[in-house]
Amino acid sequence: EGLGARERAMVERRQRLLGPAYRLFYERPFHAVRGEGAWLFDAEGERYLDCYNNVASLGHAHPVVVEAIARQAGLLNTHTRYLHETVLDYAEALLATFPASLGHVMFTCTGSEANDLALRIARAATGGEGIVVTSLAYHGVTSALAELSPSLGEGVPLGRHVATVAPPDAYRGGPGMPARFAADVAAAFAGLARHGIRPCALLVDTMFTSDGVFPDPPGFLAAAAAAARAAGALFIADEVQPGFGRTGTMWGFERHGVEPDIVTMGKPMGNGHPVAGLAIRPSLLERFGGRVRYFNTFGGNPVSAAAGLAVLRVLREEGLPANAAVVGAQLLAGLRGLAGRHAVIGDVRGAGLSIGVELVRDRSTREPATAETARVVNALRERRVLISASGPGANTLKIRPPLCLSREQADLFLAALDGVLAEA
Ligand code: PMP
């Protein structure tokens, strides 16, 4: 219904060919054929404002990255057991963005592989297995990560070595949240220990994106990381979503004044080209490196390294983290203005261009406006603005545009949301 004949045929073909495990976004699935900056274009040439795609973080089809990939692909691409200069240049440039304590970087192709490798290393370093995650965390697709990704739902059981803590929700938790969150982390490791499971790591997305986007108050993560370390666990920052400038600083953990033991990264790292990896304190890698010969066929190949290097250059030359901070602040202010007119907006929160807008049926009970949120997401799609939702009630609008979003595009988004909320 409402779906063009071509798109209807594609949906049918997808189901027939790819089977039943996938989900498409939107009641009327979206078919993109081209991208440029924060715009996506459909098959009819209609323009959509992409406020969701945190992969093409520099903007879709960024010419500097496209050129770097094409040039290297035309020269050489191999497995990763030969010497090659570009991966070393890239490792140097990447490590320069981290605190000096993180002295090694390892490359993979996906964020899942990066988290999987981080867990293997953390187990070797600590001798423990116990992992603490937030109650709607998502950390990846492998079987080891699926069992510590509670956002996948009841159909995917959690591992026996996994404990969850409630997300750091300052909207519902009030000013006591940071202390409560740290105490929950300590209690979760203690609970695992009572079952004979020794601590391994606290693993969190530093923006808690799938839990519903929880950035505030800046600094609250430090106490939780300290609680994990006091229990003998490592602190692993999953920067797959917040990393590479999205929060207005290069890394999400910087807002919290904490240095992770391991940082995992992916998504925007190659602006769409699959590059991922981790940065780590060298001492933690000794035990693992002594036992394991790690080989990842594609991880850090010349083309991926060229793409990653180009991304770092564009981030710097175009000042994109700073743009994310400025335009993100404009969006937050505009959204708070909308909250003055639309009672359904219960809370507005974010850092840079990672923003959550929680919709509620009643501001005093804070009952999640779940169905309303789905309607807003679909109505925005009809107005050619693309976002999604997350959180326990699927009632938090998740807004993550490319970091090149302009002030005019931010205004366009706000006007579209205003219009949709006025209709509802
Ligand atoms: N960690 C987080 C926080 C993520 O959001 C994702 C992907 N949504 C992953 C890890 C997994 O990354 P990938 O899909 O590249 O394997």
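Residues numbered from 1 in each chain as written. Predicted model: local features only at pLDDT ≥ 70, side-chain atom pairs only at ≥ 80, totals over all residues.

Another point: the site of the ligand. The environment of the ligand is formed by 14 residues, the closest being Thr110, Gly111, Ser112, Gly140 and Val240. By residue number, the principal contributor to the shell around the ligand is helix α4 (residues 111–126), which donates 3 residues. Residue classes in the shell around the ligand are distributed as 4 nonpolar, 8 polar and 2 charged. (Near = placed C-beta within 6 Å. Helix = DSSP H or I, 4+ residues; strand = E, 2+ residues; numbered from the N terminus. Nonpolar A, V, L, I, M, F, W, Y, C, P; charged D, E, K, R; others polar.)

With respect to topology, 4 strands assemble into an open sheet ordered β1-β2-β3-β14, the strand pairing being mixed. Since the sheet does not close on itself, it has two edges, and those belong to β1 (32–36) and β14 (385–386), each with one partner. Strand direction decides the pairing type here: strand β2 (residues 39–42) and strand β3 (residues 47–50), joined by 3 bridges, are antiparallel. Among the inter-strand pairings, phenylalanine 41 is bridged to a residue of β3, identified as arginine 47. (Pairing = 2+ DSSP bridges.)

Strand order in the open sheet formed by 7 strands is β4-β10-β9-β8-β7-β5-β6, with mixed pairing between adjacent strands. The open sheet has two edge strands, β4 (104–108) and β6 (162–165), and neither has a second partner. Taking the axes of each pair of neighbouring strands and ignoring which way they run, one obtains an average angle of 20 degrees across the sheet. For strand β8 (residues 234–238) and strand β9 (residues 262–265), the ladder comprises 3 bridges, and the chain directions are parallel. Counterpart to alanine 237 in the pairing with β9 is valine 263. (Axes fitted to C-alpha atoms, helices over the stretch in contact; angles between N-to-C directions.)

Helix packing for two helices is described by the angle between their axes and how far apart those axes are. In the contact formed by helix α2 (residues 63–73) and helix α10 (residues 302–317), the axes pass within 8 Å of each other and the chain directions differ by 155 degrees. Relative to α10, α2 is oriented roughly antiparallel. For α2 against α10, the interelement crossing comes out right-handed. Within the contact between the two elements, α2 uses Val64, Val65, Ala68, Ile69, Gln72 and Ala73 and α10 uses Pro302, Val303, Ala306, Ala307, Leu309, Ala310, Val311, Arg313 and Val314. Each residue belonging to the contact of α2 with α10 can be placed in one class, and the counts come to 13 nonpolar, 1 polar and 1 charged. (Parallel < 35°, antiparallel > 145°, perpendicular 65-115°, else oblique. Left-handed = near helix turned anticlockwise from the far one by under 90°. Contact = placed C-beta atoms within 7 Å.)

Time to look at the domain arrangement of the chain. The domain architecture assigned to the chain consists of domain 1 (31–58 + 319–423) and domain 2 (63–317). On a C-alpha basis, the centres of domain 1 and domain 2 stand 25 Å from each other. Listed per partner, the contact involves 27 residues of domain 1 and 29 residues of domain 2. Secondary-structure elements contributing two or more residues to the side of domain 1 that touches domain 2 are α11 (320–341), β11 (345–351), β12 (354–362) and β16 (396–399). Considering each element in turn, the side of domain 1 that touches domain 2 owes the most residues, 5 residues, to α11. Here the side of domain 1 that touches domain 2 is composed, by residue class, of 12 nonpolar, 10 polar and 5 charged. (Domains from an automatic or database assignment.)

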